[in-house]
Amino acid sequence: MAQKMTGEQKAAVLLMSLGADLSSKVLKHGFDDEEIERITTAITDMDRISSEDTNVVLEEFFNLQRARNYVLSGGLDYAKQLLEKTVGPVKSVEILDKISQSMRQVPFQALRKADPKQLISFIRDEHPQTLAFIVAHLKPDQAAIVLSELDAPIQADVSRRVAMLDRASPDVAKEVEKVLERKMSTVVATEDAVAGGVKSLVNILNRVDRSTEKSIFEHLEKNDPNLAEEVRRMMFIFEDIVKLHDVSIQKVLREVDTKDLALAMRGANQDVNNRIFKNMSKRASEMLREEIDYMGPVRLRDVEQAQQKIVNVIRRLEESGEIVISRGGEDTLIV
């Protein structure tokens, strides 16, 4: 079982073995609020942990700390030699891989803890390439807020640059860092930290509001249609409901508030509305049509917020494995 544990679960086992007093000190000084929440959730979800699994986790932690000390005292080659003698060549490669990832410095570490509302006032006037470099290194929730606060044309430009960052040469990244170093003393230089790319942009767009999302897509489709299509294939937007299997749509409708659904459908195209009505009972469909027909004038912003709520439900159901979203033209088998 220990081999299948997530990082949070392993941290939970380690902390439980340390005892309450010592564990509280480790949590307080070693983790941020988000990490503490995930680890404590893992602790509460655990029923019984066998002594064998506990020993496996503790041994892994011990080996990682030992490897870290070897690296710090003599470098990777020295650590590799000692670990191969201790745990064998296969295990040593696995341990060193984890160590190299954990020891890799992350740029803008201080910014990742900043309030995004305050951060935007600090970086708003930066060049779009600089903004993209910063956004790509923020936490997705932070990046979504920062992106939403930018003017529409800048949003699209920055989004495109975020998606292209992983294709940029190291020299370009270094030039951007030099610009930031003149303004921010907290920048941490790194040679091989990877950030940006289409996946990074998708992760951010999945968290922005519906209005920002639409605006960015409109500009991307106009200026870089290939990138827009690549991003669309990797994320889900409200109009993509028509791509869901009927069973999935029915599950989504059971989770959605009727008023939100009626409001969302006021701004949807006919294909989307027809697909939704198709997956409702005759009585429920009639009641929903009546609510839409008798609904007075509504603000576009309210429609977009209702659509975003439904998209959030869809994404939550996908993450929990209750529905399947076919992406990138892949054939999806529903059984």
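Residues numbered from 1 in each chain as written. Predicted model: local features only at pLDDT ≥ 70, side-chain atom pairs only at ≥ 80, totals over all residues. Heavy atoms only, no water.

Peer 1: Mind showing me how you'd approach the overall build of the chain here?
Peer 2: When helices and strands are tallied, the chain shows 18 helices and zero strands. When the 335 residues of the chain are sorted by exposure, 39% land in the buried category. Surface exposure of the chain reaches about 19800 Å², of which carbon and sulfur atoms provide 49%. (Helix = DSSP H or I, 4+ residues; strand = E, 2+ residues; numbered from the N terminus. Buried < 20%, exposed > 50% of the residue type's maximum accessible area, 1.4 Å probe, protein only. Areas by Shrake-Rupley, 256 points an atom, 1.4 Å probe, with all protein chains shown as cover.)

Peer 1: Quick question: what am I supposed to make of the packing of aromatic side chains here?
Peer 2: Aromatic ring pairs are reported here in terms of the distance separating the ring centres and the angle at which the planes meet. One pass over the structure, following the stated rule, counts zero aromatic pairs. Stacked on the ring of Phe277, the Lys or Arg Arg289 has its end atom at 3.7 Å from the ring centre. (Phe/Tyr/Trp six-rings, centres within 6.5 Å; stacked < 30°, edge-to-face > 60°. Lys NZ or Arg CZ within 6 Å of the ring centre and 35° of its normal.)

Peer 1: I'm lost on helix 6 (residues 116-123) in this one. Help?
Peer 2: One full turn of an α-helix is made of 3.6 residues, so residues set three or four places apart face in the same direction. Along helix 6, the residues that are buried comprise Pro116, Leu119, Ile120 and Ile123. Down the axis, helix 6 shows its buried residues gathered within 105° of arc, on one side only. For helix 6, the exposed residues set more than 90 degrees away from the buried face come down to Gln118 and Ser121. In the core, the buried residues of helix 6 are packed alongside helix 7 (128-137) and helix 8 (140-149). (Arc of directions from axis to C-beta. Contact = heavy atoms within 4.5 Å.)

Peer 1: Help me understand the confidence of the model for the chain, please; the structure alone is not making it clear to me.
Peer 2: Reading fine detail from the predicted coordinates is not recommended where pLDDT is low. Mean pLDDT for the chain: 75, with 72% of residues reaching 70 or above. When the criterion is pLDDT under 50, residues 185-194 qualifies, and its contacts beyond four places in sequence or with other chains add up to 19 contacts. Counted against residues more than four places away or in other chains, residues 328-335, with its pLDDT under 50, gives five contacts. (pLDDT = per-residue confidence, 0-100.)

Peer 1: Sorry if this is basic, but what is going on with the nonpolar core here?
Peer 2: Generally speaking, soluble globular proteins have nonpolar side chains that are buried together. Counting residues in each nonpolar core, the largest one holds 33 residues, and the members touching the most others are Leu147, Val158, Leu205 and Val231. Of all the elements in the fold, those that place two or more residues in this core are helix 6, helix 7, helix 8, helix 9 (152-164), helix 11 (198-205), helix 12 (210-223) and helix 13 (225-234). Of all the elements, helix 7 adds the most residues to this core, at six residues. Ignoring anything within four residues of it in the chain, the contact list for Val231 reads Val198, Leu201, Val202, Leu205 and Phe217. Ala262, Ala268, Val311 and Val313 belong to the second largest nonpolar core, which has 29 residues in total. (Core = buried A, V, L, I, M, F, W, Y, C linked by side-chain atoms within 4.5 Å.)

Peer 1: I would appreciate a short explanation of a nonpolar patch on the surface in the present structure.
Peer 2: Side chains of Leu18, Leu22 and Val26 sit close together on the surface and give an oily, nonpolar patch of about 210 Å² of accessible area. Within the secondary structure, Leu18 is located in helix 1 (residues 7-18). On the accessibility criterion, Leu18 (35% relative accessible area) is partly exposed. (Patch = residues over 30% accessible without salt bridge, like charges linked within 9 Å, V, L, I, M, F, W, Y side chains within 5 Å. Salt bridge = Lys/Arg side-chain N within 4 Å of Asp/Glu carboxyl O.)

Peer 1: Explain the side chain of Gln129 to me, please; I cannot follow it from the model alone.
Peer 2: Structurally, Gln129 can be placed in helix 7. Side-chain polar atoms of Gln129 contact the side chain of Arg161, separated by 2.9 Å. (Polar contact = N/O pair within 3.5 Å; in protein donor to acceptor, adjacent residues only side chain to side chain.)

Peer 1: Would you take a moment to explain the packing of helix 6 against helix 8 for this structure?
Peer 2: When two helices pack together, their arrangement is given by the angle between their axes and by how far apart the axes lie. For the pair helix 6 and helix 8, interaxial distance at closest approach is 9 Å and the crossing angle is 50°. Taken together, the axis directions place helix 6 and helix 8 in an arrangement best described as oblique. Remark: the crossing between helix 6 and helix 8 carries right-handed chirality. Where helix 6 approaches helix 8, its residues Pro116, Lys117, Leu119, Ile120 and Ile123 are matched on the opposing element by Gln142, Ile145, Val146 and Glu149. Residue composition of the contact of helix 6 with helix 8, by class: six nonpolar, one polar and two charged. (Axes fitted to C-alpha atoms, helices over the stretch in contact; angles between N-to-C directions. Parallel < 35°, antiparallel > 145°, perpendicular 65-115°, else oblique. Left-handed = near helix turned anticlockwise from the far one by under 90°. Nonpolar A, V, L, I, M, F, W, Y, C, P; charged D, E, K, R; others polar.)

Peer 1: Sorry, what's going on with helix 13 here?
Peer 2: For helix 13, the set of buried residues is Leu227, Ala228 and Val231. The buried side chains of helix 13 occupy one side of the element, clustering within an arc of 100° when seen end-on.

Peer 1: For this particular structure, what's the right way to read the pattern of salt bridges?
Peer 2: Any two side chains of opposite charge can pair, so long as their charged atoms come close to each other. Within the structure shown, the criterion is met by 10 salt bridges. Lys243 serves as the salt-bridge partner of Asp240, at 3.4 Å between the closest nitrogen and oxygen. For Asp240, a relative accessible area of 10% puts it in the buried group. The exposure class assigned to Lys243 is exposed, which follows from its relative accessible area of 58%. For Glu255, the salt bridge identified is with Arg316, shortest N-O distance 3.5 Å. Here Arg316 lies in helix 18 (residues 300-319) and Glu255 lies in helix 14 (residues 246-255), a separation of 61 residues in the sequence. Note on Glu255: relative accessible area 41%, which makes it partly exposed. Taking relative accessible area as the criterion, Arg316 reaches 41% and is therefore assigned partly exposed. One connected set of salt bridges, linked through shared partners, spans Asp157, Arg160 and Arg161.

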